[in-house]
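Read off the chains here:
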Amino acid sequence: MSHTTLDLPWVEKYRPRVLDDIVGNEETVERLKIIAKDGNIPHMIISGLPGIGKTTSVHCLAYELLGKEYYHQATMELNASDDRGIDVVRNKIKQFAQTKILIPPGRTKIIILDEADSMTPGAQQALRRTMEIYSNTTRFVFACNQSLKIIEPLQSRCAILRYNKLSDEEVLARLLEIIKAEDVKFNNEGLQALIFSAEGDMRQAINNLQSTVAGFGFVNDVNVFKIVDQPHPLVIQKILTHSLKKDIDQALQLLDGLWLKGYSAIDIVTLSFKVAKTIPNVDELKRLEMIKEIGFTHMRVLEGLGTYLQLSGMYAKICNL
């Protein structure tokens, strides 16, 4: 592996620069392309799960609207890790909105508030007036995981775009591009493992790919699950299969193996659920009962009862179905 590939995390290195490069959410991205063409960007809220391209889309849009030379000086990004209390809204944001910047006619400055759902309601209230006063020169884009956490008055001032999680095919296509560019050694099980563990989160898939290459040099399923620190789904599948055959001893023996390796109860339960949904050769009624039992255990584990007893109980109940 040459040193040049080590300089940047692959997530940054392969981050889309223009809207055409963005994977998934075609309809929403099409709307952004129309905005980029017209040049008239409304205030926007973009909501969706982590790692599916919300912030990247906004940056691509800003880049296409303002062009290379104005993009840096006419956009301002504030992240959840920056201070975003009322003072920042009153001072920093207002100051940026008031500043005269020479940009192409018909274009506006863009303020990007990332992780906007973690802004205090007070700070959000302070934005209401600012957005209205400066709306002829400055537009606001809020990126968030849950649009419900943004106060109603701001929601009504914005166009709301929702991003869905990416399909496995979309994540796969992108991973293959990166694998080709970086000349990564892999097998198909490794790719499946990356996609299985990422659950539609492109950022996580790419990070896990890079970590597996850095840690092991070869991307196969065993290495990937070591990196993401999850039990191997095949082990979980074996446990469930033994439980369904009422062979509790075998099931608990495998569970002991996982428990001794230090996997947490929440990992084992959530993975049991994912595997139970697709486990082959199980009749549907049994599958429903099994998922129900796993659901109850999941609830208890989330409430803080992450003990070995809860897990053993879950598999024992599946034996009893």
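If you check an unreviewed UniProt entry, the protein appears there as Replication factor C subunit 4 from Lodderomyces elongisporus. Check the Sequence similarities (unreviewed entry) section of the UniProt entry for the protein; it says "Belongs to the activator 1 small subunits family." Taken verbatim from the UniProt record of the protein, the Subcellular location (unreviewed entry) comment is "Nucleus".

Draft legend 1. Quick peek at the side chain of T75. Mapped onto the elements of the fold, T75 is located in strand 2 (residues 75-78). Residue classification places T75 among the buried positions, given a relative accessible area of 14%. Within the structure, the side chain of T75 is placed 2.7 Å from the backbone oxygen of Y71, a separation counted as a polar contact. With sequence-adjacent residues up to four places away left out, T75 is seen in contact with A62, L66, F96 and I110.

Draft legend 2. Expanded view of the domain arrangement of the protein. Once the domains are mapped, the protein shows domain 1 (10-162), domain 2 (168-228) and domain 3 (233-319). In this assembly, 10 residues from domain 1 lie in contact with 15 residues from domain 2. The contact between domain 1 and domain 2 buries some 1200 Å² in all, and 60% of this surface belongs to carbon and sulfur atoms. Per-residue buried area on domain 1 facing domain 2 is highest for W10, V11 and Y14; these three make up 57% of the total on that side. On the surface where domain 1 and domain 2 come into contact, there are 1 salt bridge.

Draft legend 3. Looking closely at the nonpolar core. L61, L175 and L209 are the most contacted members of the largest nonpolar core, which has 47 residues in total. No other element matches helix 4 (residues 54-74), which puts 8 residues into this core. Composition of this core by domain shows at least three residues from each of domain 1 (10-162) and domain 2 (168-228). With near-sequence residues (within four places) excluded, L61 lies in contact with L19, L32, I35, A36, I41 and M44. Judged by nonpolar contacts, the second largest core, of 23 residues, contains L240, A251, L255 and V301.

Draft legend 4. Fine view of the UniProt feature "domain: AAA+ ATPase" (unreviewed entry) in the protein. The feature "domain: AAA+ ATPase" (unreviewed entry), as annotated in UniProt, sits at residues 40-177 in this numbering. Note that residues 40-177 is 46% helix and 17% strand, and that its end C-alpha atoms are spaced 33 Å apart.

Draft legend 5. Focus on the pattern of salt bridges. All chains considered together, the criterion is met by 9 salt bridges. Between E182 and K13 there is a salt bridge; the shortest N-O distance is 2.7 Å. Of this pair, E182 sits in helix 8 (residues 168-182) while K13 sits in helix 2 (residues 10-13); the two residues are 169 residues apart in sequence, bridging distant segments of the chain. Here E30 ties to K33 by a salt bridge, and the two come within 3.5 Å at their closest N and O atoms. On the criterion of helical spacing, the pair formed by E30 and K33 is a turn pair, its members being 3 residues apart in helix 3 (residues 26-38). Assessed through its relative accessible area of 25%, K33 is described here as partly exposed. Bridged by salt links that share partners, the residues D20, E30 and K33 form one connected network.

Here is what the cut-offs are and how they apply
Residues numbered from 1 in each chain as written. Predicted model: local features only at pLDDT ≥ 70, side-chain atom pairs only at ≥ 80, totals over all residues. Heavy atoms only, no water. UniProt positions renumbered as here; feature names shortened; annotations may be inferred. Helix = DSSP H or I, 4+ residues; strand = E, 2+ residues; numbered from the N terminus. Buried < 20%, exposed > 50% of the residue type's maximum accessible area, 1.4 Å probe, protein only. Polar contact = N/O pair within 3.5 Å; in protein donor to acceptor, adjacent residues only side chain to side chain. Contact = heavy atoms within 4.5 Å. Domains from an automatic or database assignment. Buried area = accessible area lost by both parts, 1.4 Å probe. Salt bridge = Lys/Arg side-chain N within 4 Å of Asp/Glu carboxyl O. Core = buried A, V, L, I, M, F, W, Y, C linked by side-chain atoms within 4.5 Å.

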